[in-house]
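Listed below are the residues making up each chain.
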Amino acid sequence: MQSEVNLQAKCIMWFRNTYCRIGCEPKCVIFSVPNENNYHKINSGVLAGVSDVIAVMPNRVIFLEFKTEIGKQSEKQKHFQKDIEALGYEYYIIRSESEFIFKLQKEN
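(A) Quick look at the pattern of salt bridges. Within this structure, the stated rule accounts for 3 salt bridges. Ionic pairing is found between E90 and R60, a salt bridge with its closest N-O pair at 2.8 Å. Highlighted residues: E90 in strand β4 (residues 90–94) and R60 in strand β3 (residues 60–66), separated in sequence by 30 residues. Assessed through its relative accessible area of 11%, E90 is described here as buried. Residue classification places R60 among the buried residues on the basis of a relative accessible area of 8%. Its salt-bridge partner being K78, residue E75 comes within 3.4 Å of it at the nearest N-O pair. With E75 and K78 both in helix α2 (residues 75–86), this residue pair falls 3 residues apart, about one helical turn. The exposure class of E75 is exposed, given its relative accessible area of 58%.

(B) Focus on the sheet that holds β3. Strands sit in the order β1-β2-β3-β4 across an open sheet of 4 strands; the sheet is mixed. Edge positions in the open sheet fall to β1 (29–32) and β4, since each of these has one partner strand only. Taken pair by pair, the neighbouring strands of this sheet meet at an average axis angle of 20 degrees, ignoring direction. Two elements, β3 and β4, share 5 bridges in a ladder whose sense is parallel. Its bridge partner being in β4, F66 is matched across the sheet by I94. Relative to β1, helix α1 (residues 4–19) is tilted by about 160 degrees, and along the sheet it contacts β1, β2 (53–57), β3 and β4. Of the strands in this sheet, β1, β2, β3 and β4 are in contact with helix α3 (residues 97–105), which crosses β3 at around 165 degrees.

(C) Structural view of the packing of aromatic side chains. Within the structure shown, the criterion is met by 7 aromatic pairs. A ring pair is formed by W14 and F100, whose centres lie 5.9 Å apart and whose planes are at 85 degrees; its orientation type is edge-to-face. With a gap of 86 residues between them, W14 in helix α1 and F100 in helix α3 connect regions that are remote in the sequence. For the ring pair F63 and Y89, a centre distance of 6.1 Å and an interplane angle of 75 degrees mean the geometry is edge-to-face. Taken as a pair, F63 in strand β3 and Y89 in the loop between α2 and β4 lie far apart in primary sequence, 26 residues in all. Three or more aromatic residues link up through ring pairs in this structure, and these residues are W14, F15, Y19, F66 and F100.

The rules behind each value
Counting restarts for each chain, with residues numbered from 1 along the sequence as it is written. Reporting in this predicted model follows two pLDDT cut-offs: at least 70 for local features of residues, and 80 or more for side-chain atom pairs to be given and counted; totals over whole chains, interfaces and linings ignore these cut-offs and use all residues. For the side-chain quantities, the full set of heavy atoms in the structure was used; hydrogens and water were omitted. Salt bridge, as applied in this entry: a Lys or Arg side-chain nitrogen positioned within 4 Å of an Asp or Glu carboxyl oxygen. Strands are runs of DSSP state E lasting at least two residues, helices are runs of H or I lasting at least four, and both sets are numbered from the N terminus onward. Think of it in three bands: residues with accessible area under 20% of the maximum for their type are buried, residues over 50% are exposed, and the middle band is partly exposed, with areas taken using a 1.4 Å probe on protein chains only. Think of it this way: DSSP has to see at least two bridges between two strands before they count as a pair. Axis lines are fitted to C-alpha atoms, over the contacting stretch for helices. Their N-to-C directions set the angle, which ranges from 0 to 180 degrees. Whether two residues touch is decided by their heavy atoms; if any such pair falls within 4.5 Å, the residues are in contact. Here the aromatic set is Phe, Tyr and Trp, taking the six-membered ring for Trp, and pairing holds for ring centres within 6.5 Å; pairs whose planes are under 30 degrees apart are stacked, those over 60 apart are edge-to-face, and all others are tilted.

Structure, rendered in structure tokens:
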């Protein structure tokens, strides 16, 4: 079973090769949110439970949480997901590259 970190890295590489290369118009943006072990920085904007990655595409902002096949969300991650979806944004738990590609290529 591949780790969450490896899955995330492969998916980000696919996204950047597909949507962020020179000539892509408009270029899309994807970035990770390094939130682990930073809870002492709450006053600087760290938010417990925030998704691993955020993808910004034309008329779409997608929040992505990477998990292994058996990985589970923490309570704070579930709360973050609920808040994001209540605001009308997409939030997905990603467990494979194919699932990532499917979610990103679907029409909003």
